[in-house]
Every structure is written in C-alpha cells, then in structure tokens.
Amino acid sequence: MFVLGTAGHVDHGKSTLVHALTGIDPDRLREEKERGMTIDLGFAWLTLPSGREVSIVDVPGHERFIKNMLAGVGGIDLALLIVAADEGVMPQTREHLAILDLLRVSNGIAVITKSDLVDPEWLELVVADVEEMLRPTSLAGAPILTVSAVTGAGLNELKAAIDARLSLHAARADRGRPRLPVDRVFTIAGFGTVVTGTLIDGTFAVGDEVEIVPSGHRSRIRGLQMHRTRIDRALPGSRVAINLAGLATTDLRRGDLVVRPGWLQPTTAFDARIRVLGSLERPLRHNSEVTLHLYSSEVGAKVRLLEADALLPGETGWAQLRTAAPIAATKGDLFVIRSANETLGGGEVVDVHVKRHRRRDPRTIERLAALERGSERDFLVHLVRSREPAEMTEVLKRTPLPPQAAEQALAAAVGSGDIRVLAGRPLGPGTFLMSEAGWRALRDRACEIVANYHRLFPLRAGMPREELRTRLGIGAKMWPDTLAELIATGGVAESGSLVRLPSFAPTLSPAQRNAAERYLAALRASPYAPNAAPPDDPELLSYLVESGQVVRVAENVIFAAEAYRELVEGVVAHLREHGTITVAALRDRFGTSRKFALGLLEHLDERRITRRQGDARVLRDPSANRGERS
C-alpha cells in the first residue's frame, strides 16, 4: 500500500484536485466547506490505471495550520506539490517544500493547477520557476505536470505519472513492530472509539492486543477498515482506521502511537543530527525553545546544541532535544522543529532514552557519529553499553529492528565478542548482557575496589559481597550473574559471603605474629576461663576469629579453638548422660566461672545445639551428634 500527500500554498487547488482525481471531497468539516479552505487533514483514495489503490492525505495550506499539515506528511510515499498557475510559487509553497526536504521525501510530482486560467507563455514561466525551486531539494528532478481540475486537462496524465512514480518506489518494509501515529480520534455509534493513521513498520490484525504510547493505555483491535471497507489485516503503508475496544475518545489524542504492547518506551530526551533551514534570517541558538513535530505528535522542546552556541542558517550539528512531555521516538525517525511562526529546521533521531551530555565533549560527538553511520550490530552494542548490565528483553524492546533481525544481530555481536552474556548462560530472555569494553571496565573496577579493601584490611579474609555490589552500583537482580562472571573470569574469588582477589591471603607481619602467639598462649594457659586481654589491634582479633584459631561466643568471652571444641563436646556428652545441664553444672564440670559458662550456653542456644528449659538446657535434637559441628 502507498500513501500520497498534498502540499502547497493556501487556495492553490489541493482539495479541488483531490476531488477531481477521486470523486471524494476531502474537506470533511462544515467550517472548511463554508470558508472554502482546508483547515485540518482530509482523506481520500484513488484507483490508478494499473489497478493499484492508493490513499491520499490532503493537508491545509494556510500558514496558521502548518502544524496540521505536519501531522499528515510524516508517513507519505509520494508528495504532490501543488502550485497554482495564476499565482505561482508562494510563501507556503516554499515552506511546505522545505518540510518535505527535511523529511527526506524524494518521491514526488510538482503539479501546476488552474492551468486553464493562464496563457501558455505564463505557464512556461511558472514551470521554470518551479523547476528552479525544486533543484536544491530532495525533489530535484521531479516531474512537473500542468492540470486543470475544472476542464479535466492533464488529469489522466497525472494519474499515469503517479502510477509510474509508485512503481519505482519500494513497498513499506514489515519490520515486525507496527506503529500507527494517530491523526484522528472519533466515535462511531454502535462501534465506539476509532483512530486513523498511516501504519508503518509492521502489520495489525483484528484481535491484536495493542498499547497506546505515551499514555500506556491497553486495548484490543475490535475492527479494521481501509477506504471504508472492513479488512482483517492491515499491511505496512496502509491508511487505516482502527476500532479500539475499552477506550474512550478522551483516552486518546492526535500524536499518540498505537503499537504492540511493551516494546516502545516513551522518552523525554533524545540525541539527533539537526539541520537549520538556509532560508532563516537568524541562527538557531543553544537552549532555544521550539515546537517539535514527529509524525503526528506535537510537543514543546528545548534544543541543547552539543558542538556550538549557535547553528547558522544552512548548517547541521549535533543536539539533544529535551521535550516538555513524553514522546514516542525510535532511532531513524525524522522530525521538524518550528517556532511560533516559522519552520526552523529538522533532523533525524539517533539515540533515545539518553542522559544529559557534557557539551563540546569530543567523545560524545564521536560516539554519536559512529552511532549515526553504524550497523545494526553497532547499534545493539551501543544500546547494551548505555545501560549495562542490560537484560536481553529490555535491549530488544528498545531497538527499532524487527524481532528476528534484532535477535540475529545480537547473536552476531555475541559471536564476535562485542557483547558478553554474563554467567555463561545461553542467549535468551532473562540473560544479562554487557559490551566487551564495558565488561573489562567493570572487572577492572571490581578488582581495584577489592584490592583497596585488602590494603585497608589486610587481615580480613575478604570483602563482603554485598558491599562490592553496592560499590559497583549493580542491581540486586543482575548481581548473581555479574558475580558469577567475575569469578569465572578470574577477577575475584569467593569465600562464603566474602570475595577476594584470587592471589590474596591474609598475612601477618612479624609484630602481629608475635602478638597473636602471645594472646593464644594466654588463652591456653587457662583454657576454660581465659581472662587474657585481647590484642590492641581489632583487625588481628578478627583475623584470629576468621581463621578459626579462636571462637568468640560473647562480646567478652573468647576461647582458643581447641578449648571451645572440648567445651562443646563436654556439654553434649553431659546432656546425653543427664538430659539437662545448668550454668552451675557446666561451671563445676570444667572448673570455670559463671561468666564463661553462661556465655557458652547462650552461644549454643544461638547455634541451635541447645534449648533453654527453665534454668537448664536440653539438647535441641537429641538424636544428632552436635559435638561434631564445633
């Protein structure tokens, strides 16, 4: 399917020509008929000599309704630039042509209407003027035809020319991700809410679940129509009406997109390559407030120039556009920016969901240029790198590629080593991805963090895993796979709840070794009632605990490891023989004090070896040989 769009100055005969070609009056509003002027978008369709059926979008020509014109030209396959023979090229002729040029519409026909009102010599001058006007634009070399909607002269030749131009135009690609920019919302009695637009990038079928972006409303396609005929399936490039279930007209507006649920996330900032019109009399300055037109959407935006303080007329440059409200955009979308009274320029979306960039940063400019010219694989690598570690499903949602093509490009990037799948998992939903460069940076940072921890705490066995996760800024959901990859690649080693560098082992200095030996000797001198003062260095005591040489059972109760084992075995043996044990009984059995006996029994309660029963303890599990657990 193909869509034609008219363009041109007010009262140059656009709607009259459409009516003459199709027999359909595109002016649907009473005010339009009363004033004889198109105000909003009009629609018709035409069967060409080849039998090909095409849709026509008729746009208003008056300068006050340029925003309505912009809502209609974003999805056209061929432009009919209309110029009245009796007036020639006028201001809105040039502005409409500039908009077509910004949107890179290269397939078109210049149609000189009202040819019956002028003599042949004047008509030749108008043709020459139009040819010169087209020369520096995307419509350079387009056919120029003269017609009269009143006499019918030239209409058959125009239909043939349209047929010929469309035969050379490739059909819209089915990218598997349909988008319908809404340009009309209305209600039909007995059916409910209906939206219309030009379907791009995919197909819709009756029964499909859909989402409205940016509002997030969900719905189902109850019915489809094209040219007032019911259809079951709408193809890319179709001018289609969609009957949506469960939504009111107040839930939708012009500028919304109808898409498949989940894949297109609205944004309030995107990077773009913009071009300022050469016809402007002033430059476009940094932080200019503009109106952004993208397909049928219209939203206020601020232009942050990334390379200079201003772009002169005719210049291009990198910019970040920050919108006043969320907008649905994907890489490759074309847009136009306007002030209150004139078109300023336009450009192409290069990246969406972006962070604020530092201006005049060569690395940012280099990255954007690479992204603009890059392959599908390059784009996926950039997507992963911009939010890594990234979950695969989220990455695929943010690419404009068809699902199968995106998965193939992702597999190629993994196969080439540009993208790494964490934890060695097979590529699929739920896997986490990182660019190879991003992974190396993360691994180096993790090693540096752990190494610094070792320098600060040389006697500790390692760094808590959660502390490393927090320092790296990794989400809890993706941390297990990230840690597994760090371990698998030799970045760190795991010791219980701790991580360390693989080559690291706590090592005592000579002074610390002497202090440790003195402390252990003092503990062993009175093994069951050790009143030895702990080392002055708390890290040394932590080392002795972590290395299993001493056991801390309470804040001020510490036993040498061998004495602790003897105490636990003695308590378990006593309980097996007598069934219960008290603090006094333990004190008498080992010749200790109440402080150490009570501390030990409370510790065994915490370890779930014993259970308190009144003033005594019993074995929690009499069948288990708990002494072996010590």
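The preceding data block contains the structure.
This is a predicted model, so every value here is computed, not measured.

(A) How the structure looks around the overall build of the protein chain. Within the protein chain, the secondary structure is distributed over 18 helices and 35 strands. Taken against the 2.2 N^0.38 rule, which gives 25 Å for 630 residues, the C-alpha radius of gyration of the protein chain at 38 Å runs more than 25% over that of a compact globule. By its C-alpha atoms, the protein chain is 125 × 55 × 40 Å across when sized along the principal axes. Looking at the 630 residues of the protein chain, the share that counts as buried comes to 52%. Once local pairs closer than 6 in sequence are excluded, the contacts in the protein chain between residues at least 24 apart make up 66%. Accessible area for the protein chain stands at about 28,000 Å²; split by element, carbon and sulfur atoms hold 48% of it. For the protein chain, the distance from the average position of its 81 positive side-chain charges to the average position of its 79 negative side-chain charges is 7 Å.

(B) Spotlight on the nonpolar core. Counting residues in each nonpolar core, the largest one holds 62 residues, and the members touching the most others are V130, I274, L292, V303, L321, F335 and I337. Excluding its chain neighbours within four sequence positions, the residues that come into contact with L292 are F270, S297, E298, V299, A301, L321, T323, I327, F335, V336 and I337. With 23 residues, the next largest nonpolar core counts L4, I82, A161 and I162 among its residues.

(C) Representation of helix α14 (residues 510-525) in the model. The end-to-end C-alpha distance of α14, which contains 16 residues, comes to 23 Å, matching closely the 22 Å that a straight helix rising 1.5 Å per residue would cover. Against α15 (538-546), β31 (550-554) and β32 (557-560) lie the buried residues of α14.

(D) Layout of the pairing of β31. Relative to β32, β31 runs antiparallel, the two being bridged by 4 bridges. Bridge pairing links V550 to A560 in β32. Count of turn residues in the β31/β32 antiparallel hairpin: 2 residues.

(E) Representation of the packing of helix α11 (residues 436-456) against helix α13 (residues 479-488). Put simply, α11 and α13 touch, their axes get as near as 11 Å, and they point 80 degrees apart. Classified by the angle their axes make, α11 and α13 are roughly perpendicular. In contact with W439, L442, R443 and A446 of α11, α13 contributes T482, E485 and L486.

(F) Structural detail: the sheet that holds strand β29 (residues 493-495). If you trace the 3 strands from one edge of the open sheet to the other, you get β28-β30-β29, paired in antiparallel fashion. Strand pairing shows two members of the sheet lacking a second neighbour, β28 (463-464) and β29, which therefore form its edges. In this sheet, strand β30 (residues 498-500) lies alongside β28 in antiparallel orientation, the contact comprising 2 bridges. When the sheet's bridge partners are listed, M463 is paired in β30 with V499.

(G) Seen up close, the side chain of H293. Mapped onto the elements, H293 comes out in strand β19 (residues 288-294). The buried category is assigned to H293, whose relative accessible area is 5%. When residues no more than four places from it in sequence are discounted, the contact partners of H293 are K67, L70, E298, F335, V336 and R338.

(H) Local environment of the sheet that holds strand β20 (residues 297-305). The sheet built from 6 strands closes into a barrel, its strands ordered β17-β22-β20-β19-β23-β24 with antiparallel pairing. On average, each strand axis in the sheet is inclined to that of its neighbour by 40 degrees, with strand direction left out of account. Contacts from helix α7 (residues 362-373) reach β17 (267-276), β22 (316-327) and β24 (343-352), with the element oriented near 85 degrees to β24.

(I) Representation of the pattern of salt bridges within the structure. According to the stated counting rule, one finds 23 salt bridges in the structure shown. For D77, the salt bridge goes to R172, with nearest N and O atoms at 2.8 Å. Taken as a pair, D77 in the loop between α3 (66-73) and β4 (78-84) and R172 in the loop between α6 (155-167) and β7 (179-181) lie far apart in primary sequence, 95 residues in all. The partner of E436 in a salt bridge is R420, and the shortest N-O contact between them spans 3.0 Å. Taken together, the positions of E436 in helix α11 and R420 in strand β26 (residues 419-421) put the pair 16 residues apart, joining distant regions of the chain.

(J) How the structure looks around the pairing of β19. Taking burial as the measure, the 7 residues of β19 include 5 buried ones, the bulk of the element. As paired elements, β19 and β20 share 7 bridges and run antiparallel to each other. Across the sheet, V290 pairs through a bridge with A301, a residue of β20. With antiparallel pairing between neighbouring strands as the criterion, β19 and β20 make up a hairpin whose turn holds 2 residues, including Y295 at a positive phi of roughly 50 degrees. Where β19 and strand β23 (residues 334-338) come together, 4 bridges link them in antiparallel fashion. By the bridge assignment, H293 is partnered in β23 with V336.

(K) Structural view of helix α18 (residues 594-606). Spanning 13 residues, α18 covers 18 Å between terminal C-alpha atoms, matching the ideal 18 Å at 1.5 Å per step. All of the buried residues in α18 are F596, A597, G599, L600, L601, H603, L604 and D605. Looking at the residues trailing α18, positive phi occurs at R608, about 65 degrees.

(L) Quick look at the environment of T137. Tracing the chain through its elements places T137 in the loop between α5 (120-134) and β6 (144-146). Separated by 276 residues in sequence, T137 and A413 have C-alpha atoms that sit 38 Å apart. Not counting the four nearest positions on each side in its chain, T137 is found in contact with L97 and D101.

(M) View of the packing of helix α16 (residues 561-578) against helix α17 (residues 583-590). At a minimum axis separation of 11 Å, α16 and α17 run at an interaxial angle of 120 degrees. The orientation of α16 relative to α17 falls into the category oblique. In this structure, α16 meets α17 at a crossing whose hand is right-handed. Between α16 and α17, the residues in contact are E566, L567, G570, V571, A573 and H574 and A585, L586, R589 and F590, respectively. Taken together, the residues of the contact of α16 with α17 sort by class into 6 nonpolar, 2 polar and 2 charged.

(N) Summary view of the packing of aromatic side chains. Across all of its chains, the model carries 4 aromatic pairs by this definition. Aromatic pair Y453 and F457: ring centres 4.9 Å apart, planes at 50 degrees, arrangement tilted. F457 sits in the partly exposed class, given a relative accessible area of 23%. Arranged with centres 5.1 Å apart and planes meeting at 65 degrees, the rings of Y528 and F590 form a pair that is edge-to-face. In this pair, Y528 sits in the loop between α14 and α15 while F590 sits in helix α17, placing the two residues 62 residues apart along the sequence. For F590, a relative accessible area of 14% gives the class buried. The ring of F457 has R460 lying over it, and the distance from NZ or CZ to the ring centre is 3.8 Å.

Conventions adopted
- Residues numbered from 1 in each chain as written.
- Predicted model: local features only at pLDDT ≥ 70, side-chain atom pairs only at ≥ 80, totals over all residues.
- Heavy atoms only, no water.
- Helix = DSSP H or I, 4+ residues; strand = E, 2+ residues; numbered from the N terminus.
- Rg over C-alpha atoms; globule rule 2.2 N^0.38 Å.
- Buried < 20%, exposed > 50% of the residue type's maximum accessible area, 1.4 Å probe, protein only.
- Contact = heavy atoms within 4.5 Å.
- Areas by Shrake-Rupley, 256 points an atom, 1.4 Å probe, with all protein chains shown as cover.
- Lys, Arg positive; Asp, Glu negative; His and termini not counted.
- Charge placed at Lys NZ, Arg CZ, Asp CG, Glu CD.
- Core = buried A, V, L, I, M, F, W, Y, C linked by side-chain atoms within 4.5 Å.
- Expected span 1.5 Å × (residues − 1).
- Pairing = 2+ DSSP bridges.
- Axes fitted to C-alpha atoms, helices over the stretch in contact; angles between N-to-C directions.
- Parallel < 35°, antiparallel > 145°, perpendicular 65-115°, else oblique.
- Salt bridge = Lys/Arg side-chain N within 4 Å of Asp/Glu carboxyl O.
- Left-handed = near helix turned anticlockwise from the far one by under 90°.
- Nonpolar A, V, L, I, M, F, W, Y, C, P; charged D, E, K, R; others polar.
- Phe/Tyr/Trp six-rings, centres within 6.5 Å; stacked < 30°, edge-to-face > 60°.
- Lys NZ or Arg CZ within 6 Å of the ring centre and 35° of its normal.

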